[in-house]
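Per-entry structural report
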Amino acid sequence: MNKKQIVQKTINFVKETLKGAEGGHDYFHIERVYKNALLIAKNENVDEFVVSLGALLHDIADSKFYNGDETVGPKKARSFLESQKVDNDIISHVEEIIKNISFKGGNFDQQFNSPELDVIQDADRLDAIGAIGIARCFNYGGFKNRELYNPEIPPNLHMTKEEYKKSTAPTINHFYEKLLLLKDKMNTKTGKLLAKERHNFLEVFLNQFFSEWEAKK
């Protein structure tokens, strides 16, 4: 089986696995990250096959939906890729990408680095900001039945990884605890360029949100 066929089989596997998933972490999220990763990869010296597989499998079992268990995703990815007879060094690389891609409160030291991870991480972070990022943020907040905003609960910018995972704070807090921080955490030139416009949209949205909240206009 050639690489193109394996990528198509991976797409089919992810579509089937994520049927009925929460709207911010469904197959369409994966598809957007995959497309953005390929776009960014054009300007980077990377293995496009690893980028494709890593992007498609990065959220195959997001720990948020598995009681915080971060081992499920890498195991699922390995099991699938082994069934497709993918080389073990590529499988190991994809596993490391899945283990290290997440923001995790910004207080998490990555244990692994590669140009392919940089590309996929940027693509994933782009999907967390801008109009789609806002939509995803509130969709997940609704899924978890969180308040939109509560002036009495300020954002916590110094959470540990575990505190971040267990947070039940209002959705607006997530803008300050993660989304607004992503622009300065992009790895690639293309990622940084694309993040600027999306970041600006977050700021426009927040200005409008608080104006309406305070009945200023």
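Notes on the structure follow.

Cut-offs and rules
Residues numbered from 1 in each chain as written. Predicted model: local features only at pLDDT ≥ 70, side-chain atom pairs only at ≥ 80, totals over all residues. Heavy atoms only, no water. Core = buried A, V, L, I, M, F, W, Y, C linked by side-chain atoms within 4.5 Å. Buried < 20%, exposed > 50% of the residue type's maximum accessible area, 1.4 Å probe, protein only. Contact = heavy atoms within 4.5 Å. Helix = DSSP H or I, 4+ residues; strand = E, 2+ residues; numbered from the N terminus. Expected span 1.5 Å × (residues − 1). Arc of directions from axis to C-beta. Salt bridge = Lys/Arg side-chain N within 4 Å of Asp/Glu carboxyl O. 1 Å grid on protein atoms, 1.4 Å probe; cavity = no way out; pocket = protein on both sides within 12 Å on 5 of 7 lines; lining within 4 Å. Points joined across faces, edges and corners; volume = space filled by probe spheres on them. Nonpolar A, V, L, I, M, F, W, Y, C, P; charged D, E, K, R; others polar.

Grouped together as the largest cluster of nonpolar side chains are 56 residues, with contacts concentrated most on V14, L53, L57, L81, V86 and F175. Other than its neighbours up to four places away in sequence, L81 contacts L53, L57, V86, I91 and V94.

Looking now at helix α1 (residues 3–17). For α1, built from 15 residues, the straight-helix expectation of 21 Å at 1.5 Å per residue is met to within 8% by its first-to-last C-alpha distance of 21 Å. For α1, the set of buried residues is I6, V7, T10, I11 and V14. Seen from one end, α1 has its buried residues packed into an arc of 145°, which puts them on one side.

Quick look at the pattern of salt bridges now. For the coordinates displayed, the defined rule picks out seven salt bridges. Where D127 meets R32, a salt bridge forms, and the shortest distance between an N and an O atom there is 2.7 Å. In this pair, D127 sits in the loop between α6 (115–126) and α7 (130–143) while R32 sits in helix α2 (residues 27–41), placing the two residues 95 residues apart along the sequence. Take D127: its relative accessible area is 1%, and that puts it in the buried class. D127 is the salt-bridge partner of R136, the closest N and O atoms lying 3.7 Å from each other. Classification of R136 as buried rests on a relative accessible area of 13%.

This part takes up unusual backbone geometry. Peptide bonds are mostly trans, and most non-glycine residues show a negative phi. The phi torsion at N145 lies on the positive side, around 55°, for a residue other than glycine. Within the element layout of this structure, N145 appears in the loop between α7 and α8 (161–166). At A215, a residue that is not glycine, the phi angle is positive and equals roughly 55°. For A215, a relative accessible area of 65% gives the class exposed.

Below, the discussion takes up the layout of surface pockets. If you add up the space inside the largest pocket, you get close to 1,100 Å³. Going through the elements one at a time, α4 (72–83), α5 (88–100), α6, α7, α8 and α9 (171–177) are the ones with two or more residues in the lining of the largest pocket. Ranked by the residues each element gives to the lining of the largest pocket, the list is headed by α7, at five residues. For the lining of the largest pocket, the residue count by class is 15 nonpolar, 16 polar and 18 charged.

Such coordinate-based values are descriptive only and should not be taken to indicate function.
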